[in-house]
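Coordinate analysis (summary)
Chain by chain, the residues run as shown.
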Amino acid sequence: MKRVAILISGRGSNMAALISAVRDGKIDATLVGVISNRADAAGLAIAAREGVATQVVEHRAYSDRATFEVELGRAIDALEPDLIVLAGFMRVLSAAFVERYAGRLMNIHPSLLPAYPGLHTHRKALEDGVRIHGCTVHFVTATVDHGPIVAQGAVAVRDDDNEASLAARVLDVEHAILSHAVRWFCADRLVIGGGAVRVKQGRADVPALIVPLAE
Ligand code: GRF
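All values reported here derive from a predicted model rather than from experimental measurement.

1. Concerning the packing of aromatic side chains
- Under the defined criterion, the tally for this structure stands at three aromatic pairs.
- Considering the side-chain rings of F97 and Y101, the 5.1 Å spacing of their centres and the 55° angle between planes classify their relative orientation as tilted. As far as the burial class goes, F97 and Y101 line up, both buried.
- With centroids separated by 6.4 Å and ring planes inclined at 55°, the aromatic side chains of F139 and F185 adopt a geometry described as tilted.

2. Quick notes on the sheet that holds strand β4 (residues 83–86)
- The seven strands lie next to each other as β3-β2-β1-β4-β5-β6-β7, forming an open sheet whose pairing is mixed. A strand with exactly one partner marks an edge of an open sheet, and here the two such strands are β3 (54–56) and β7 (149–156). The sheet shows a mean angle of 20° between the axes of neighbouring strands, direction not considered.
- Strand direction decides the pairing type here: strand β5 (residues 105–109) and strand β6 (residues 132–139), joined by four bridges, are antiparallel. Within β6, the position partnered with M106 by the bridge is F139.
- Strands in contact with helix α1 (residues 13–23) are β1 (2–8), β2 (29–36), β4 and β5; relative to β2, the strand with the most contacts, it is inclined by about 160°.
- Of the strands in this sheet, β1, β2, β4, β5, β6 and β7 touch helix α6 (residues 163–186), which is tilted by about 155° from β7.

3. Regarding the confidence of the model for the protein chain
- In the predicted model, the protein chain carries a mean pLDDT of 94, and 95% of its residues have values of at least 70.
- Contacts of residues 210–215 to residues separated by more than four positions or lying in other chains number six contacts, the stretch itself having pLDDT below 50.

4. As for unusual backbone geometry
- Omega for the bond connecting L113 with P114 falls within 30 degrees of zero, at 10°, which places this linkage in the cis form.
- The residue P114 is located in the loop between β5 and α5 (121–128) in this model.
- Phi is positive for H120, which is not a glycine, with a value near 55°.
- Mapped onto the fold, H120 is located in the loop between β5 and α5.

5. Considerations on the packing of α1 against α6
- Two elements in contact, α1 and α6, have axes separated by 9 Å at closest approach and are oriented at 45°. As summarised for this structure, α1 and α6 are arranged oblique, according to the angle between their axes. Pair α1 / α6 crosses with right-handed handedness. Of the residues in α6, those in contact with S13, N14, A17, L18 and A21 of α1 are L171, E174, H175, L178, S179 and V182.
- Residue composition of the contact of α1 with α6, by class: six nonpolar, four polar and one charged.

6. Comments concerning the nonpolar core
- Among the nonpolar cores identified, the biggest contains 41 residues, and V4, I6, M106, V150, V182 and L190 are the most heavily contacted of them.
- By residue number, the principal contributor to this core is α6, which donates 10 residues.
- When residues no more than four places from it in sequence are discounted, the contact partners of L190 are M106, F139, V150, A181, W184, F185, V197, R198 and V199.
- In this structure, V57, I84, L86 and V140 belong to the second largest nonpolar core, which totals 19 residues.

Conventions and cut-offs
Residues numbered from 1 in each chain as written. Predicted model: local features only at pLDDT ≥ 70, side-chain atom pairs only at ≥ 80, totals over all residues. Heavy atoms only, no water. Phe/Tyr/Trp six-rings, centres within 6.5 Å; stacked < 30°, edge-to-face > 60°. Buried < 20%, exposed > 50% of the residue type's maximum accessible area, 1.4 Å probe, protein only. Pairing = 2+ DSSP bridges. Helix = DSSP H or I, 4+ residues; strand = E, 2+ residues; numbered from the N terminus. Axes fitted to C-alpha atoms, helices over the stretch in contact; angles between N-to-C directions. Contact = heavy atoms within 4.5 Å. pLDDT = per-residue confidence, 0-100. Parallel < 35°, antiparallel > 145°, perpendicular 65-115°, else oblique. Left-handed = near helix turned anticlockwise from the far one by under 90°. Nonpolar A, V, L, I, M, F, W, Y, C, P; charged D, E, K, R; others polar. Core = buried A, V, L, I, M, F, W, Y, C linked by side-chain atoms within 4.5 Å.

Right under this line is the structure:
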């Protein structure tokens, strides 16, 4: 069974969705631990309540990124994970760090990449007047919010949407696609090639998420 570690920085709702999916038998995996770079991350209490081991590697405790990454790498390696999921982990990781975990480091990002990498994705989507917005699960490469795409989910943007309402609808889809992506990984169904990801046996088990009906 695959060993999955989750990295968070805050609320931890994506992490909670993964914990539930594993607990409910939807993902065949062992959650080996949750690591936060902030001691005040609300997700830590959720993980602890669910019986998942937690630890904090506080980035502010280290003078530079390299030293922080040494400690973070140590914490990750001690868990011996097959997959490391960045679930709302808000630190940029160096190319060397990312390379070390190539093919087993996954991120959830709240936009339809390659549109809107970085922060404030919902605000930018509203400012641009896009009609379709969403989220992406991808393998992490040295370029921030870039890398082979595993799953995407879309929502229709409503005329009366604001940042909060749009973020809330996208978040629901994040929880769903992240669970599917991790499930596929844990079932050895993901093949990375030429910058893209193929899902063995197809993506047909996730039909409605990819293109929900427009309203
Ligand atoms: C999510 O929107 C995630 O895509 C982004 O930060 C948010 C984290 O939410 N990177 P949560 O901590 O999973 O609730």
